[in-house]
Amino acid sequence: MSAFEMAARDAASVKVDSTAIEALEGDLRGSVLLPASAGYDQARLIWNGMIDRHPAMIVRCAGAADVAAAVNFGREHDLLIAVKGGGHNVAGNAVCDGGLMIDLSDMRYVRADPGTRRARAGGGATWGDFDAETQIFGLATTGGLISGTGVAGLTLGGGIGWLSRSHGLACDNLVSVDVVTAAGDRVRASEDENPDLFWGLKGGSGNFGIATSFEFQLHPVGPSVFAGMTLYPLDEAQEMLLWFRDFMAQAPDALGGLAGLVATPDGAQVLALIGVYNDEPSQGEAVLKPLRQARQPLLDTFAATPYRRIQTLFDAGSPPGLRYYWKSSFLDSLPAEAAETVVAQARKSPSPSSKVFVEFLGGAVSRIPRESAVFDHRGSSYNLLIIGGWENPAQDEANRTWVRETWQAMKPFESEGVYVNYLGTESDEGGNRLAEAYGPGKYERLVALKRKYDPTNLFRMNQNIRPDASG
Ligand SMILES: Cc1cc2nc3c(=O)[nH]c(=O)nc-3n(C[C@H](O)[C@H](O)[C@H](O)COP(=O)(O)OP(=O)(O)OC[C@H]3O[C@@H](n4cnc5c(N)ncnc54)[C@H](O)[C@@H]3O)c2cc1C
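Trainee: Talk me through the overall build of the protein; I want residue IDs and the actual numbers.
Mentor: If you tally the helices and strands in the protein, you get 16 helices and 21 strands. For the protein, the C-alpha radius of gyration of 22 Å lies close to 23 Å, the compact-globule estimate for 471 residues. The principal-axis extents of the C-alpha atoms in the protein amount to approximately 75 × 55 × 45 Å. Counting across all 471 residues of the protein, residues that qualify as buried make up 58%. When contacts within the protein are restricted to residue pairs at least 6 apart in sequence, long-range pairs at least 24 apart make up 72% of them. Accessible area for the protein stands at about 17900 Å²; split by element, carbon and sulfur atoms hold 50% of it.

See below:
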């Protein structure tokens, strides 16, 4: 019998017998991967190439029973646990060094029911999986802008997408969630069952257990929507960003919008103004006409387009494996000085893969009552996301510095709080950033919920709410 040294939760390490691992493997429908196993290196990879961690053991779960077995194993052996859904979180919380990684990425089933207009998705499903199975019925719910992002992580943090202004955040469309708690119990959370937990799952990140399936309310969407983008040279970016701000302020809720300072494939820096109209394409064409006529763009891609294709619009621009570093803030207003500042910072970007996004909120997001979910930023009009992306490790400092300087330069315009799904690591974000993300009053309630569902902080590789925090 041999023993494996593994990272522990509250000590440096712990020894785990090989017989215990064999017994766990015997219980699973899925598999256990150790560092020498085929597939181990692929399984430990996540989207952000800056994160290169080596778990001592990966449990690839085939279903909720496997998740419960892995949680019990991790708790009984006092192991450091990381949970992987889609693996897109920029902070890298889906993977740990030396501990146990509970990997849900084989649990990608999605079942849509056109009769009830509901869909159920496994804890490792991606938005690409979800849209494929719901769009065959012409249905959808608010989901991520990139098809590889996990339904789990995105929804547990809130979930902003093209449909947010029509239907609220992804978490606002949850009907129920099946969860494996820290005690290894399988519970259901909904408005009627464990409503406190249900509230906590709508923005409280992965703190309260492992979600093994999500049930969503669906809405008629597409299958074609009027959508696309217009591009402008950087010299016209400030003026057109302000024009778009005013246009979106008057736009119907059916229009989802985003402004991006990005580089084209040939390296030219441009402003992209993107719109997705979630209703009749002919109406969308009329609504978007003023944008397309405001000024001659470098490119105009607006057309009736399958919603599924729109949901992959950014895929090529955010490939997995690059090195990434992000910072983000909510903005209440976007005055001329803010537009001038952000364009000036874009000019200094050290990498063509870096970008700055302004996501337009409002609409249904702002009308859903604040108390209904943990997500607390419904009054903010814009979400600013500064994305550093580059290939060469020698460029790490230059890129991180550009992201930080851009974020600092935009500080005078930010409002309170930050979107939990765009937060980096705790050590990088510092201070009270996490409490700010969860919002005043809500953080205290979340601490109490953490004490109830995870008193020993078994699930800590996340935007962590500590059970012993004073709130
Ligand atoms: C390319 C890209 C595009 C994005 N686009 C959007 C967007 O359009 N809108 C938006 O709102 N956000 C977006 N995000 C942010 C995204 O919502 C977060 O990064 C989110 O955490 C990703 O979820 P995941 O399951 O892919 O990530 P993971 O890294 O697997 O998980 C994220 C966190 O959730 C926990 N977790 C994962 N699965 C589970 C589970 N089943 N149960 C409990 N905890 C779990 C993990 O432990 C980790 O702490 C994007 C991110 C990227 C990288």
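Still to come is the rest of the account.
Trainee: An account of helix 8 (residues 237–250) is needed here, citing residue identities and associated values.
Mentor: With 14 residues, helix 8 should cover 20 Å at 1.5 Å per step; its first-to-last C-alpha distance of 20 Å lies within 8% of that length. For helix 8, the complete set of buried residues consists of A237, M240, L241, L242, F244, F247 and M248.

Trainee: So what about the packing of aromatic side chains? Which residues, and what values?
Mentor: All told, the structure shown has 18 aromatic pairs when counted by the stated rule. Taking the centre distance of 6.2 Å and the plane angle of 85 degrees together, the rings of F330 and F375 count as edge-to-face. Residue F330 is located in strand 19 (residues 323–331), and its partner F375 is located in the loop between helix 12 (364–367) and strand 21 (382–390); the two are separated by 45 residues in the primary sequence. Considered together, F330 and F375 belong to a single accessibility category, that of buried residues. Among the aromatic residues, those joined into a cluster by ring pairs are W47, Y324, W326, F330, F375, Y419 and Y422. Positioned over the ring face of W199 is R445, at 3.6 Å from the centre of the ring.

Trainee: Tell me about the sheet that holds strand 3 (residues 31–33), and please be specific about residues and values.
Mentor: Picture the strands of a sheet paired through backbone hydrogen bonds; they go either parallel or antiparallel. Taken in spatial order, the 4 strands line up as 3-4-6-5 in an open sheet, and their pairing is mixed. One side of each edge strand has no neighbouring strand; the edge strands of this open sheet are strand 3 and strand 5 (81–84). Across the sheet, the axes of successive neighbouring strands diverge by a mean angle of 20 degrees, strand direction being ignored. Here 4 bridges tie strand 4 (residues 57–60) to strand 6 (residues 100–103), and the two strands are oriented parallel to one another. The residue bridging V59 from the neighbouring strand is I102, located in strand 6. Packing against the sheet, helix 3 (residues 64–76) makes contact with strand 4, strand 5 and strand 6, and its axis sits at approximately 170 degrees to strand 6.

Trainee: Break down the packing of helix 11 (residues 336–347) against helix 13 (residues 396–410) for me, citing the residues and quoting the values.
Mentor: Interaxial distance between helix 11 and helix 13 falls to 10 Å at its minimum, and their mutual angle equals 170 degrees. Here helix 11 lies roughly antiparallel to helix 13, going by the angle between them. Listed contacts from helix 13 to A338, T341, V342, Q345 and A346 of helix 11 are W402, E405, T406, A409 and M410. Partitioning the contact of helix 11 with helix 13 into residue classes produces 6 nonpolar, 3 polar and 1 charged.

Trainee: Lay out unusual backbone geometry in plain terms, naming residues and giving numbers.
Mentor: In the segment running from G222 into P223, the intervening peptide bond is cis, with an omega of 5 degrees. In this fold, P223 is placed in the loop between strand 13 (219–220) and strand 14 (224–233). In this model, N194 sits at a positive phi of 45 degrees, which is unusual for a non-glycine residue. Owing to a relative accessible area of 30%, N194 belongs among the partly exposed residues under this scheme. If you check the backbone angles, S205 has positive phi at about 65 degrees while not being a glycine. Note that S205 resides in the loop between helix 7 (195–201) and strand 12 (210–217). Taking the relative accessible area as the measure of exposure, S205 reaches 12% and is therefore buried.

Trainee: Before we move on, could you go through empty space enclosed by the protein and cite the residues and values that matter?
Mentor: Where empty space is left in the structure can be found by rolling a water-sized probe over the atoms. A full pass over the atoms with the stated rule returns 4 cavities of 30 Å³ or more. Within this model, the largest cavity holds a volume of roughly 900 Å³. Around the largest cavity, the lining is made up of 46 residues, and of these H88, N89, T149, G153 and L154 lie nearest the centre. Elements represented by at least two residues in the lining of the largest cavity include exactly strand 5, helix 5 (151–157), strand 12, strand 20 (355–360) and strand 21. With 5 residues, helix 5 is the single largest residue contributor to the lining of the largest cavity.

Trainee: Any chance you could break down the site of the ligand for me, citing the residues and the numbers?
Mentor: In the vicinity of the ligand lie 33 residues, with V83, G85, G87, I160 and Y419 positioned nearest. Here Y419 contributes a side-chain N or O atom positioned 2.5 Å from an oxygen atom of the ligand. Computed on the free molecule, the ligand has an accessible area of 950 Å², of which 97% lies beneath the protein chains in the complex. If you map the ligand onto the pockets, it falls in the largest cavity. Of all the secondary-structure elements, those providing two or more residues to the shell around the ligand are strand 5, helix 5 and strand 12. The class makeup of the residues in the shell around the ligand is 16 nonpolar, 16 polar and 1 charged.

Trainee: Now, about the environment of Y277: what can you tell me, with residues and values included?
Mentor: Assignment of secondary structure puts Y277 in strand 16 (residues 269–277). In sequence terms Y277 and T126 are 151 residues apart; their C-alpha atoms lie 23 Å from each other. Among the polar contacts listed, one links the side chain of Y277 to the side chain of Q283, at a separation of 2.9 Å.

What counts, and where the lines are drawn
Counting restarts for each chain, with residues numbered from 1 along the sequence as it is written. Since the coordinates come from a predicted model, pLDDT governs what is reported: local features require at least 70, and pairs of side-chain atoms require 80 or more to be given and counted, while whole-chain, interface and lining totals use all residues. By convention in this description, side-chain values take in all heavy atoms of the structure and omit both hydrogens and water. By definition, any uninterrupted DSSP run of H or I lasting at least four residues is a helix, any uninterrupted run of E lasting at least two residues is a strand, and each is numbered from the N terminus. Each radius of gyration is computed over the set of C-alpha atoms, and the globule rule expresses the reference value as 2.2 Å times the number of residues to the power 0.38. Think of it in three bands: with a 1.4 Å probe and only protein chains considered, a residue is buried below 20% of the maximum accessible area for its type, exposed above 50%, and partly exposed in between. It only takes one pair of heavy atoms within 4.5 Å for two residues to be counted as in contact. We get accessible surface area from the Shrake-Rupley algorithm with a probe of 1.4 Å; when it comes to residues, only the shown protein chains can shield them. An expected span of 1.5 Å times one less than the residue number is assigned to each helix. Only Phe, Tyr and Trp rings are paired, with Trp represented by its six-membered ring, and only when their centres lie within 6.5 Å; those with planes under 30 degrees apart are stacked, over 60 edge-to-face, the remainder tilted. Cation placement over rings: the criterion is NZ of Lys or CZ of Arg within 6 Å of the ring centroid and within 35° of the ring normal. Strand pairing follows a simple DSSP-based rule, namely that at least 2 bridges must link the two strands. Lines fitted to the C-alpha atoms define the axes, with helices restricted to the stretch that makes contact. Angles between their N-to-C directions range from 0 to 180 degrees. The labels follow the angle: roughly parallel below 35 degrees, roughly antiparallel above 145, roughly perpendicular from 65 to 115, and oblique for the rest. Polar here means any residue other than Ala, Val, Leu, Ile, Met, Phe, Trp, Tyr, Cys and Pro, which are nonpolar, and Asp, Glu, Lys and Arg, which are charged; Gly is therefore polar. Two kinds of site are reported from a 1 Å grid over the protein atoms alone, namely cavities, where a 1.4 Å probe fits but cannot get out, and pockets, open sets with protein on both sides within 12 Å along at least five of seven lines, and residues are called lining when an atom falls within 4 Å of a point. Grid points are joined across faces, edges and corners, and a volume is the space filled by probe spheres set on the points. Any residue with a non-hydrogen atom lying within 4 Å of a molecule or strand is treated as near it. Side-chain atoms alone can form a polar contact between residues adjacent in sequence; in general such a contact is a pair of N or O atoms within 3.5 Å, and within protein one must be able to donate a hydrogen while the other accepts it. Each molecule is assigned to a cavity or pocket provided more than half of its atoms lie within 2 Å of the corresponding grid points.

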